[in-house]
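What follows is the residue order along each chain.
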Amino acid sequence: MGWIKWLWPGMNLKRWLFLFTVGAVFSAIGIALVFNYQFMGFIEELLFRMMYMATGEYYRAISVGGGLAVLFLGLVLMFYATRRIVHSVMESVLPDENTPLMEKIFRQRKLNKGPAITVVGGGTGLSVLLRGMKYITNNCTAVVSTADNGGSSGRLRQEMGIIPPGDLRNCLVALADTEPLMEKIMQFRFKGDNQLAGHSLGNLFIAALAEVEGSVEAGLAATSEILKVRGHVVPSTLEDVNLMAEMSDGTVVKGESEITLAGKRIKRMSIVPSDAHATQGAINAILQSDILILGPGSLYTSVIANVLVPEIKEALVASKAVKIYVCNVMTQPGETDGFGAYEHVEALVDHVGTQFLDYVIVNNQRVTATQLSMYQEKGSMPVSPDVDAIRQLGIQVVPASLISNDDFVRHDPVKLAQTVISLVYRLKMFGKGVQFFDYLFVRQSIKNLEKSKRGE
């Protein structure tokens, strides 16, 4: 008898259920009049007699016309009542959801059937990519480097003995389907001269959930549920790893933050301990993905930092996925000074030990003089696309306009997502050929992302 609860006071359903019933009755009467057939016995027989007495020989024509009108009225009432019932239910279940129900269902079904995409990296660059990926598929996994030893993450790592949560937090927020206020809270950083100064609230939140749930992985899963994350975020390793860089002059620098500050050309990267084990979630995501994307992000301390974990490197080579590297748009002082796209690719391939890439996405959009002036003082320059040189390595190059239109020279999530999805559908990743309507749907989703960025 649980159905009776639908009729309780305050449900805002009874009136629409009644209207739907009235519409069904009218529809039945209309059909009866059109076909001169009795569905409802006495009522219809009475109608037939009254119409015959009033119209005589025109009875049949008026019966059909009146029946169609009554049928139409009944269908309209049923349709309107159904919409109101659905609206009442949605208003209660999802009070803040403004998306039409049919669009929401269609979007969710398409995203759930989207390609399995795994992105490998860390830092701000990876989170920019993820902001666009969540409009392509719900089957997206971010494998994130855990070698950060600076800032809030470094302090929590030292004081609590957990893996640095900063890059993980950025990826969770990027994939989250949350209110803007929640994003601001997760990215909020305490100020002042107290013990909390410099800490990110999101880092503390993840650290607290990790302790409550008993492990970092469980804490990340709980955070994902709270933020309604579209996909998964997993660390590349749970071990306490540190980056080591052998410089071109033979010196060795330890620690991610120290490597960038050294201001020397990097020759070779390694991690301590060198035999650190990868998380099973990271291995599975790489091996089971349809598309594997590396970057964008700091070449040595974010992207290559992941492939230094032996099991991650083995999984990258063994994976049957289409492997794509998204090259940075600007050089990074202290890491990639003077590098073009070719040097980025060469360093990545060299640390993996074999040429494993299928595609490289490079930026061919010119940087404006205003944008360039902001970076020249820091020693950062645009990364040249080096299309012909990369092709000589046996890798296909996808040049595209990827820079955002604001003052900061970085990847635009909308442009990058459009480039990736065009490549994905061109490759027929689903094994059933290009699904044209799926492609149009994803393109529209990305346009919606662009509108939301403009505040429309």
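Please refer to the structure placed before this passage.
Only a predicted model underlies this, so the values are computations on that prediction, with no experimental measurement involved. (Residues numbered from 1 in each chain as written. Predicted model: local features only at pLDDT ≥ 70, side-chain atom pairs only at ≥ 80, totals over all residues. Heavy atoms only, no water.)

This next bit is on empty space enclosed by the protein. One pass over the full model with this rule turns up one cavity of 30 Å³ or more. In this model, the largest cavity occupies a volume close to 40 Å³. Forming the walls of the largest cavity are Ser145, Thr146, Ala147, Ser236, Thr237, Val241, Leu243, Ile271, Ala305 and Val309. A per-class count over the lining of the largest cavity returns six nonpolar, four polar and no charged. (1 Å grid on protein atoms, 1.4 Å probe; cavity = no way out; pocket = protein on both sides within 12 Å on 5 of 7 lines; lining within 4 Å. Points joined across faces, edges and corners; volume = space filled by probe spheres on them. Nonpolar A, V, L, I, M, F, W, Y, C, P; charged D, E, K, R; others polar.)

Our focus in this paragraph is the nonpolar core. Met269, Leu294, Ile304, Tyr325, Leu348 and Leu357 are the most contacted members of the largest nonpolar core, which has 50 residues in total. Those residues within four positions of Met269 in sequence are excluded, and the remaining contacts are Leu243, Met244, Ala245, Ile259, Tyr300, Ile304, Leu308 and His351. Counting 46 residues, the second-largest nonpolar core is a separate cluster that includes Leu126, Met186, Ile324 and Ala400. (Core = buried A, V, L, I, M, F, W, Y, C linked by side-chain atoms within 4.5 Å. Buried < 20%, exposed > 50% of the residue type's maximum accessible area, 1.4 Å probe, protein only. Contact = heavy atoms within 4.5 Å.)

Most of strand E2 (residues 140-144) sits out of view: five of its five residues are buried. Burial of E2 is two-sided: the residues Cys140, Ala142 and Val144 facing one way and the residues Thr141 and Val143 facing the other way are all buried. Note that strand E1 (residues 117-121) and E2 share five bridges and pair parallel. Across the sheet, residue Val119 finds its bridge partner in E2, namely Ala142. (Helix = DSSP H or I, 4+ residues; strand = E, 2+ residues; numbered from the N terminus. Pairing = 2+ DSSP bridges.)

It is worth spelling out helix H10 (residues 216-227) at this point. Compared with an ideal rise of 1.5 Å per residue, which puts twelve residues at 16 Å, H10 spans 16 Å between its outermost C-alpha atoms and is within 8% of the ideal. All of the buried residues along H10 are Val216, Gly219, Leu220, Ala222, Thr223, Ser224 and Leu227. Buried positions along H10 lie against helix H7 (166-175), helix H8 (180-187), helix H9 (201-213) and strand E3 (232-235). Where H10 ends, the next residue or the one after it, Lys228, has phi of about 55 degrees, a positive value. (Expected span 1.5 Å × (residues − 1).)

This part is about the sheet that holds strand E5 (residues 252-254). Taken together, the three strands give an open sheet; going across it, the order is E5-E4-E6, and neighbouring strands pair in antiparallel fashion. The open sheet is flanked by E5 and strand E6 (266-272), the only strands paired with a single partner. On average, each strand axis in the sheet is tilted by 25 degrees relative to the strand beside it, whichever way the strands run. (Axes fitted to C-alpha atoms, helices over the stretch in contact; angles between N-to-C directions.)

Right, let's get into the pattern of salt bridges. Going through the model one piece at a time under the given rule, you end up with three salt bridges. With its nearest N and O atoms 2.7 Å apart, the salt bridge here joins Arg268 to Asp350. One end of the pair, Arg268, is in strand E6; the other, Asp350, is in helix H15 (residues 341-352), and 82 residues separate them in sequence. Overall, Arg268 belongs to the partly exposed group, its relative accessible area being 33%. Residue Asp350 is classed as partly exposed on the basis of its relative accessible area, which comes to 40%. (Salt bridge = Lys/Arg side-chain N within 4 Å of Asp/Glu carboxyl O.)

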